[in-house]
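Examination of the molecular architecture
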Amino acid sequence: MEQLSEILADIHPYADAIHLREKQMTAKELYEAVNLLSRVGVPLSKIIINDRVDVAVITGVEGVQLAYHSLNASMIKANFPQLTVGCSIHSVEEGKKVQRLGADYVIYGHIFSTQSKPGLEPRGFEELKKLTGSLDIPVIAIGGIAPENTKQVINSGADGIAVMSGVLNADDPLSAIKSYQKEVKMEM
């Protein structure tokens, strides 16, 4: 977590959100990770915790990212209205459902082939266009997105992109995130 916190301290000014998707961490470890990020200058208002509503509330971060197995968005909104609630989805039907339940945004993917989803067919631009045309909440695209294909993703209706390996595995994460930011801003 120390190395990751150093990278995030450098790159957070160029990102709208930092999604802590550390599924193997305990609640206590996530709590400590949030505190570490805060100490190195990452604003709590940029941090989204994966699935752990308890940690999000206790630490005062911006929100939670929910999966299919998580509590639903309406439960979170009813009990913790201060949290921004995102939902990971894989279809138009799932998107419509979580929008009805009060999600503030969705993360949809994977758009391109990605090492994190080996053997699974990417969803591509046509499905992304159908989804963005069907929802009234922001759609963030994820999966195999590189600076050189960011323009296509945004032109397909995505309100933004989510990237992990393209930045964190780069030789120079700061230059990498600036490349993504430049491409997104050119299209918006």
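Residues numbered from 1 in each chain as written. Predicted model: local features only at pLDDT ≥ 70, side-chain atom pairs only at ≥ 80, totals over all residues. Heavy atoms only, no water.

**Side note on the packing of helix α5 (residues 92-100) against helix α6 (residues 124-134)**
Direction vectors running N to C along α5 and α6 enclose 25°, while the axes themselves pass 9 Å from each other. As summarised for this structure, α5 and α6 are arranged roughly parallel, according to the angle between their axes. Both α5 and α6 take part in a crossing whose hand is right-handed. For the pair α5 and α6, the contacting residues are V92, G95 and K96 in the first and K130, L131 and S134 in the second. (Axes fitted to C-alpha atoms, helices over the stretch in contact; angles between N-to-C directions. Helix = DSSP H or I, 4+ residues; strand = E, 2+ residues; numbered from the N terminus. Parallel < 35°, antiparallel > 145°, perpendicular 65-115°, else oblique. Left-handed = near helix turned anticlockwise from the far one by under 90°. Contact = heavy atoms within 4.5 Å.)

**Points about the pattern of salt bridges**
Applying the stated criterion to the full structure yields four salt bridges. The salt bridge partner of D104 is K77, with a shortest N-O separation of 2.7 Å. With a gap of 27 residues between them, D104 in the loop between α5 and β5 (105-109) and K77 in helix α4 (residues 73-79) connect regions that are remote in the sequence. Ionic pairing is found between E127 and K130, a salt bridge with its closest N-O pair at 3.0 Å. (Salt bridge = Lys/Arg side-chain N within 4 Å of Asp/Glu carboxyl O.)

**Looking at the sheet that holds strand β7 (residues 160-162)**
Pairing within the open sheet is parallel, and its seven strands lie in the order β1-β2-β3-β4-β5-β6-β7. Of all the strands in the sheet, the pair left with one neighbour each is β1 (18-20) and β7. Strand after strand, the sheet turns through a mean of 30° between neighbouring axes, direction not considered. As paired elements, β1 and strand β2 (residues 47-50) share three bridges and run parallel to each other. Each bridged residue has a counterpart across the sheet, and for I18 the counterpart in β2 is I47. (Pairing = 2+ DSSP bridges.)

**So, the side chain of K46**
Mapped onto the fold, K46 is located in the loop between α2 (27-39) and β2. Leave out the neighbours within four places in its chain, and K46 touches H12, P13, A15, D16, A17 and I18.

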